[in-house]
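# Inside the fold
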Amino acid sequence: MFMNVGLGGLDTPDMITEYIRRGAEEFFAGFIPREWLEKYGWEVCPNRRPMGAPYNYSQAPVLREVVQTVHEHGGRINLAVNAHDNGSERLAMLHDQFNLFETMEPDGYIVADPALLFSMKAWGIERPIHLSTGVGCFNSESVRFFCDNFPIRRLIIPRKLTIREMRLMMDGLSDLDLEYEVMIIGYRCFFNDEDCHSVHSAARRNLCGDIITAPFKVTNHLPKNWKEIAERMRDKRTAELHEDSPLNRFRQEWQLPPPPPPPDFSIPPSTEGLDGELARIVFQTCGLCAIKPMRDIGIQVLKVPLRGDEGIKSRIITIVNTVMQHPNPTREMCMELINSPEFCRAKYNCYYHVPEA
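Keep in mind that what you see is a predicted model, and the values were worked out from it rather than measured.

With that out of the way, let us pick up the overall build of the protein chain. Across its full length, the protein chain carries 15 helices and eight strands. When the 357 residues of the protein chain are sorted by exposure, 49% land in the buried category. Look at the contacts in the protein chain between residues 6 or more apart in sequence, and 72% of them connect residues 24 or more apart. In the form shown here, the protein chain has an accessible surface area of approximately 16,900 Å², with 52% of it arising from carbon and sulfur atoms.

So this is what it looks like as structure tokens:
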């Protein structure tokens, strides 16, 4: 079992060297050149992380140096091109990107769009493919389809599967030479991300839940000014909740429930305690307790998908590596590493809800 860590545009070669020292063996990263943003805007992204430098590399020489750094230290790096769909109008620019990537010699690509996989095949790209969670492979037959048509090396298992469901799917693929990867800490999407076409980025709860998801379900379309509202909310989330704000008028127009009042930060949180709130800021969601049972069923790769969180990445890598290297990590040991009883007590902070027995 080894660890795969997401890199963002602020992760330097020196930082990557430190991540490797702490236990990371593999990395993944995204790339968005300036001309892509100028043509398509921030809301259209080839790898579902569109919000600027913290999430993506934007200069080819910098990405090339990152790939070289990883390889010089004996690690592996895969490039994420895992948007759900791309559309024929973007294929020309994607083809140019793949031509650039191939000169860097990454270890593989993370892809979600079946149409892009067929295009890559036509372009003669033969590097190993990791099937993104965005593909939505929930059973062995769906995985077989891709393995029959493309050079699939790894399945990144959807976040919503239980450990039992993972084992059943893997048993159905025992005749194939596949690697299996799971998310282990941070970024557990509140929705089914393989079916979600909103921004897979920084304003997770507010932007996805309040702005996009609810009106789309009701009306099947968005008002013309939705992007302006989303950008304002991203920049000043609490300020946008006052009575005459564009966000509030948006809610009234689309008959959405009123927003909660802005939090009073002078009063400690009453539901989980301050230590639970602080732990959730750092860990967001956690699957440490599931590492041993996942190892037992044959999961080889633990993904730490913290692109854009370089400030806490070293600490998270150390914690995951501690559990991963332990021959018999107990639930109590994992909870001690988190050091927040309130965080662990709230079940929605768990990725996989491992039974205490």
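With 16 residues, helix α13 (residues 310-325) extends 23 Å between its outermost C-alpha atoms, agreeing within 8% with the 22 Å of an ideal straight helix rising 1.5 Å per residue. For α13, every residue scored as buried is listed here: Lys313, Ser314, Ile316, Ile317, Ile319, Val320, Asn321, Val323 and Met324.

With that out of the way, let us pick up the pattern of salt bridges. One pass over the structure, following the stated rule, counts 14 salt bridges. Each of Glu26, Arg76, Arg154, Glu179, Glu181 and Lys303 takes part in salt bridges that share partners, so that together they form one network.

This part takes up the sheet that holds strand β8 (residues 301-304). On the basis of which strands lie adjacent, the closed barrel formed by eight strands has the order β1-β2-β3-β4-β5-β6-β7-β8 and parallel pairing. Across the sheet, the mean angle from the axis of one strand to that of its neighbour is 30°, orientation sign disregarded. Relative to strand β4 (residues 108-111), strand β3 (residues 76-81) is paired through four bridges, and the arrangement is parallel. Paired with valine 81 across the two strands is valine 111, which belongs to β4. Running at roughly 145° to β3, helix α3 (residues 60-72) makes contact with β1 (2-7), β2 (26-29) and β3 of the sheet.

Moving on to helix α7 (residues 163-171). Every buried residue of α7 is listed here: Ile163, Met166, Met169 and Met170. For α7, the angular spread of the buried residues around the axis is 125°, confining them to a single face.

All right, on to the nonpolar core then. Grouped together as the largest cluster of nonpolar side chains are 86 residues, with contacts concentrated most on Phe27, Leu288 and Val320. What leucine 288 contacts, discounting residues up to four positions off in sequence, is Ile184, Ile185, Ile319, Val320, Val323, Cys334 and Ile338.

A word on the pairing of β8. Alternating positions in β8 separate into two faces, Val301 and Lys303 on one and Leu302 and Val304 on the other, with burial throughout. As paired elements, β1 and β8 share four bridges and run parallel to each other. Bridge pairing links phenylalanine 2 to valine 301 in β8. Both strand β7 (residues 179-183) and β8 contribute to a ladder of three bridges, which runs parallel. Looking at the pairing, methionine 183 lines up with lysine 303 of β8.

Before going further, it helps to spend a moment on the environment of proline 33. Turning to its location among the elements, proline 33 is positioned in the loop between β2 and α2 (34-40). Note: C-alpha distance between proline 33 and glutamine 97 (64 residues apart in sequence) is 9.0 Å.

On to the confidence of the model for the protein chain, then. Per-chain confidence: the protein chain averages 81 in pLDDT, with 73% of residues scoring 70 or above. In this model residues 201-207 is a low-confidence stretch, pLDDT under 50, and it forms 20 contacts with partners more than four residues away in sequence or in other chains. Contacts of residues 209-221 to residues separated by more than four positions or lying in other chains number 32 contacts, the stretch itself having pLDDT below 50.

On to the packing of α13 against helix α14 (residues 331-338). Viewed as axis vectors pointing N to C, α13 and α14 meet at an angle of 170°, and their least axial separation amounts to 11 Å. Of the possible angle classes, the one that applies to α13 and α14 is roughly antiparallel. Where α13 crosses over α14, the two elements pack in a sense that is right-handed. Residues Ile319, Thr322 and Val323 of α13 lie in contact with α14, whose contacting residues are Met333, Cys334 and Leu337.

Next up on the list: the packing of helix α1 (residues 13-22) against α3. At a closest axis distance of 10 Å, the pairing of α1 and α3 adopts a crossing angle of 30°. Of the possible angle classes, the one that applies to α1 and α3 is roughly parallel. α3 is crossed by α1, and the crossing has right-handed handedness. Touching Pro13, Ile16 and Thr17 of α1 are Glu65, Val66, Thr69 and Val70, all from α3. For the contact of α1 with α3, the per-class residue count stands at four nonpolar, two polar and one charged.

The geometry of an aromatic ring pair is captured by two quantities: the separation of the ring centres and the angle between the planes. Under the definition given, this model contains ten aromatic pairs. Aromatic pair phenylalanine 31 and phenylalanine 101: ring centres 5.9 Å apart, planes at 80°, arrangement edge-to-face. With phenylalanine 31 in the loop between β2 and α2 and phenylalanine 101 in helix α4 (residues 91-104), this residue pair connects regions lying 70 residues apart in the sequence. Taken as a pair, phenylalanine 31 and phenylalanine 101 share a single burial class, namely buried. Aromatic rings pair up to connect Phe31, Phe98, Phe101, Tyr109 and Trp123 into one cluster. One residue, arginine 76, lies across the ring of phenylalanine 2, its end atom 4.6 Å from the ring centre. Against the face of phenylalanine 28 rests lysine 303, its NZ or CZ located 4.3 Å from the ring centre.

Parameters at a glance
- Residues numbered from 1 in each chain as written.
- Predicted model: local features only at pLDDT ≥ 70, side-chain atom pairs only at ≥ 80, totals over all residues.
- Heavy atoms only, no water.
- Helix = DSSP H or I, 4+ residues; strand = E, 2+ residues; numbered from the N terminus.
- Buried < 20%, exposed > 50% of the residue type's maximum accessible area, 1.4 Å probe, protein only.
- Contact = heavy atoms within 4.5 Å.
- Areas by Shrake-Rupley, 256 points an atom, 1.4 Å probe, with all protein chains shown as cover.
- Expected span 1.5 Å × (residues − 1).
- Salt bridge = Lys/Arg side-chain N within 4 Å of Asp/Glu carboxyl O.
- Pairing = 2+ DSSP bridges.
- Axes fitted to C-alpha atoms, helices over the stretch in contact; angles between N-to-C directions.
- Arc of directions from axis to C-beta.
- Core = buried A, V, L, I, M, F, W, Y, C linked by side-chain atoms within 4.5 Å.
- pLDDT = per-residue confidence, 0-100.
- Parallel < 35°, antiparallel > 145°, perpendicular 65-115°, else oblique.
- Left-handed = near helix turned anticlockwise from the far one by under 90°.
- Nonpolar A, V, L, I, M, F, W, Y, C, P; charged D, E, K, R; others polar.
- Phe/Tyr/Trp six-rings, centres within 6.5 Å; stacked < 30°, edge-to-face > 60°.
- Lys NZ or Arg CZ within 6 Å of the ring centre and 35° of its normal.

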